[in-house]
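Here's the letter readout for the chains.
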Amino acid sequence: MTSKKRIAVVPGDGIGQEVIREALEVLRASGVPLEFTTLDWGADRYLIDGTTVPADGFAMLARDFDAIFVGALGDPRVPSNIHAKEILLGMRFQMDLYANVRPVRLLDASLCPLKNATPADINFTVIRENTEGVYAGMGGSFKFGTPDEVATQEDINTRKGVERIIRYAFDYARANGRKKVLMADKSNVMTYAGGLWQRVFKEVAQEFPGIATQHMYVDALCLQMVREPQSLDVIVTNNMFGDIVTDLAAALQGGLGMAASGNIHPGRASMFEPVHGSAPPIAGKDLANPVGAILTGAMMLAHLGLLAESQKIEAAVLEAVREKKMTPDVGGTLGTRECARWIAERVGQ
Ligand SMILES: NC(=O)c1ccc[n+]([C@@H]2O[C@H](COP(=O)([O-])OP(=O)(O)OC[C@H]3O[C@@H](n4cnc5c(N)ncnc54)[C@H](O)[C@@H]3O)[C@@H](O)[C@H]2O)c1
């Protein structure tokens, strides 16, 4: 008997609450030995008492849980978005979840905006550095608000940070039977940071002789993702470029409602979240696609070693897509609940 895994659940705001509620039903239907603890971190709590993350919150997550399952954060009642930044970026930075892992898989040709693309053409993974780059928040303003204003935003690249994300990408390729790692940068212009990425990529690649390597400038990669997505396997890139190419990747797989992600530090409690935001205009209308959250749940199970249950959930999602038991954003007619219940029923059989 597998020991019970403890999962902290942060549904968050807007459709985050709806898709997480449904994804938990699917996870329960799979019979996995999970114990869920729901945390009220989000806009409602912030508006009541100003709390974004309770004192000791991140230490508690790392200490008391095997994984963290997050919906989405962002609420028009909090225009500064301070709670979302402190919760999400706080988890990534303070818990040092340095690898953002984004599997990009087309489940059915009907979901892809590219002409004639099939599921065999779109099946790759983006590994995005998650703790450095321009997201480190270093920089400043000079002569703020005047016509002479100067703004700087530093792009932080440490040898340690670059090396560990590149090694993660190669380890991921080896563990998942992938054949090639492509590193994308903009080293023709960002010569110092790009130079570091280039050198480290070549060095680390030598430890993985069975895996082919490729380099592309990130703008060329965007072109390649649309024109020849079948040539892609594992992509590793920095925080900013990863942020951008993963949205393009989401479009290839049917949109934000279909995309799953993990924020991982091997050996530590890691965080799993659907890629989409809280989508305030459709919140509370039973319109949100729950599949991104459901696939995120499956990804979390695989990470926790519960492979059979993870595959069972993925198979049920695939069936739902093929049978068009989906929400309107991907051409279906079902509501959030109905779509998720259909999947949960298949998982429970
Ligand atoms: N990781 C996160 O929690 C996260 C990510 C992105 C945005 N946000 C926040 O979410 C709020 C809204 O941001 P946004 O509008 O830029 O991004 P969004 O992802 O919420 O929405 C973008 C578009 O995609 C649609 N969409 C998103 N998820 C969907 C789903 N599951 N089913 C059907 N349609 C879906 C929305 O209706 C909207 O048209 C903001 O406060 C933003 O800061 C949070």
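Before reading further, recall that the structure is shown in the block above.
Procedures and definitions
Residues numbered from 1 in each chain as written. Predicted model: local features only at pLDDT ≥ 70, side-chain atom pairs only at ≥ 80, totals over all residues. Heavy atoms only, no water. Buried < 20%, exposed > 50% of the residue type's maximum accessible area, 1.4 Å probe, protein only. Helix = DSSP H or I, 4+ residues; strand = E, 2+ residues; numbered from the N terminus. Pairing = 2+ DSSP bridges. 1 Å grid on protein atoms, 1.4 Å probe; cavity = no way out; pocket = protein on both sides within 12 Å on 5 of 7 lines; lining within 4 Å. Points joined across faces, edges and corners; volume = space filled by probe spheres on them. Nonpolar A, V, L, I, M, F, W, Y, C, P; charged D, E, K, R; others polar. Phe/Tyr/Trp six-rings, centres within 6.5 Å; stacked < 30°, edge-to-face > 60°. Lys NZ or Arg CZ within 6 Å of the ring centre and 35° of its normal.

Colleague: Is there a simple way to think about the pairing of strand S10 (residues 234–237) in this case?
Modeller: Each regular strand carries side chains that alternate between the two faces of the sheet. Residue alternation in S10 divides its side chains into two sets, Val 234 and Val 236 and Ile 235 and Thr 237, and both sets are buried. Two elements, strand S5 (residues 123–129) and S10, share four bridges in a ladder whose sense is parallel. Of the residues in S10, the one forming a bridge with Val 126 is Ile 235. Note: strand S8 (residues 180–185) against S10, four bridges, orientation parallel. Residue pairing for S10: Val 181 is matched across the bridge by Val 234.

Colleague: Looking at this structure, how should I read empty space enclosed by the protein?
Modeller: The probe, sized like a water molecule, is rolled over the atoms to show the empty space still left. Within the structure shown, the criterion is met by one cavity of 30 Å³ or more. In this structure, the largest cavity spans a volume of roughly 70 Å³. If you list the elements that add at least two residues to the lining of the largest cavity, you get S8 and helix H6 (191–205). Tallied by class, residues from the lining of the largest cavity come to five nonpolar, four polar and three charged.

Colleague: In this structure, what is going on with the packing of aromatic side chains? I would like to understand it.
Modeller: Here the distance between the centres and the angle between the planes together describe a pair of aromatic rings. Under the definition given, this model contains four aromatic pairs. Consider the rings of Tyr 98 and Tyr 168, whose centres lie 6.2 Å apart with planes at 85°: the pair is edge-to-face. With Tyr 98 in the loop between helix H4 (82–94) and strand S4 (99–105) and Tyr 168 in helix H5 (residues 159–175), the pair connects residues that are 70 residues apart, well separated along the chain. By the burial criterion, Tyr 98 is buried, and Tyr 168 matches it. Put simply, the rings of Phe 170, Phe 201 and Phe 208 touch in pairs and so form one group of aromatic residues. The lysine or arginine in question, Arg 346, covers the ring of Trp 342, its NZ or CZ lying 3.8 Å from the ring centre.

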